[in-house]
Amino acid sequence: IDKALLVISTVPGMEDTLYLLEQVKKINPRAMVFVTANHLHEVFYLYSQGADYVVFPHVMAAKDVVNVLATHKEKNIANLRKTQLKQLKNLRLFGQ
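The paragraphs below set out a description of the structure included in this document. Small disclaimer: the values here were computed from a predicted structure and weren't measured.

Now for the overall build of the protein chain. Looking only at helices and strands, the protein chain features four helices and three strands. Listing each helix as α and each strand as β along the protein chain from the N terminus yields β-α-β-α-β-α-α. Taking 96 residues into account, the globule formula puts the C-alpha radius of gyration at 12 Å, and the protein chain, at 17 Å, lies well above it. A principal-axis box enclosing the C-alpha atoms of the protein chain has dimensions of 50 × 30 × 20 Å.

See below:
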């Protein structure tokens, strides 16, 4: 951690996230820390605690859906679905 340029955490719990954020900033104040929040109030709180960027999956997922609708015609949705299912099956093979 003391030489890291960037630390990315997808830990879902706020208590663990805050602990990680505090420890990284204490050990290496120059490291950028990206964390994950599940609720809007957590996003603002994590920023107030020094997070450099907060991933908010609900907003990111909504943007992805808008992108899919904007870039794929109805006939391509079936192909998109096949690709997604293949990717998800591969994740399952790796224990995700």
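Listing the buried residues of helix 2 (residues 40–48) in full gives E42, V43 and L46. Along the axis of helix 2, the buried positions cluster into a sector of 105°, meaning they face one direction only. Opposite the packed face of helix 2, turned more than 90 degrees from it, sit the exposed residues H41, F44 and S48. Following helix 2 by one or two positions, G50 has its phi on the positive side, about 110°.

This part is about the nonpolar core. Judged by nonpolar contacts, the single largest core of 13 residues is most densely connected at V35, L46, A51 and V54. Mapped by element, the contributors of at least two residues to this core are helix 1 (14–27), strand 2 (32–36) and helix 2. Considering each element in turn, this core owes the most residues, three residues, to helix 1.

Quick look at the packing of aromatic side chains now. Aromatic ring pairs are defined here through the distance separating the ring centres and the angle between the ring planes. As enumerated under the stated definition, the model contains one aromatic pair in all. On the basis of an interplanar angle of 45° and a centroid distance of 5.3 Å, the ring pair of F34 and Y53 is categorised as tilted. Taken as a pair, F34 in strand 2 and Y53 in strand 3 (residues 53–55) lie far apart in primary sequence, 19 residues in all. Assessed through its relative accessible area of 24%, F34 is described here as partly exposed.

Our focus in this paragraph is the packing of helix 1 against helix 2. Running from N to C, helix 1 and helix 2 point in directions that differ by 15°, and their axes come no closer than 11 Å. By the angle class used here, helix 1 and helix 2 are roughly parallel. Here the hand of the crossing between helix 1 and helix 2 comes out right-handed. In this structure, helix 1 uses M14, T17, L18 and L21 to contact helix 2, whose residues at the interface are E42, Y45 and L46.

Calculation notes
Sequence order sets the numbering: in each chain, residues are counted from 1 along the sequence as written. Selection of residues for local features in this predicted model requires a pLDDT of at least 70, selection of side-chain atom pairs for listing and counting requires 80 or more, and totals for whole chains, interfaces and linings are taken over all residues. Side-chain calculation: all heavy atoms of the structure are included, whereas hydrogens and water are not. Put simply, DSSP marks the helices as runs of H or I at least four residues long and the strands as runs of E at least two long, and each gets a number from the N terminus on. Radius of gyration means the value over C-alpha atoms here, while the globule rule gives 2.2 Å times the residue count to the 0.38 power. Summary of the burial criterion: residues with accessible area below 20% of their type's maximum are buried, those above 50% are exposed, and those between are partly exposed, where the area comes from a 1.4 Å probe applied to protein chains only. What the arc describes is the spread of directions from the helix axis to the C-beta atoms. Put simply, buried Ala, Val, Leu, Ile, Met, Phe, Trp, Tyr and Cys residues joined by side-chain atoms within 4.5 Å make one nonpolar core. For Phe, Tyr and Trp, where Trp contributes only its six-membered ring, two rings pair if their centres lie within 6.5 Å, and the inter-plane angle classes them as stacked under 30 degrees, edge-to-face over 60, or tilted in between. Helix axes are fitted only over the stretch in contact, all axes being lines through C-alpha atoms; the angle between N-to-C directions runs from 0 to 180 degrees. When describing relative orientation, an angle under 35 degrees is termed roughly parallel and one over 145 degrees roughly antiparallel, while 65 to 115 degrees is termed roughly perpendicular and anything else oblique. Two helices that cross are described as forming a left-handed crossing if the nearer one is turned anticlockwise from the farther one by less than a right angle, and a right-handed crossing if clockwise. We call two residues in contact when some of their heavy atoms are within 4.5 Å.

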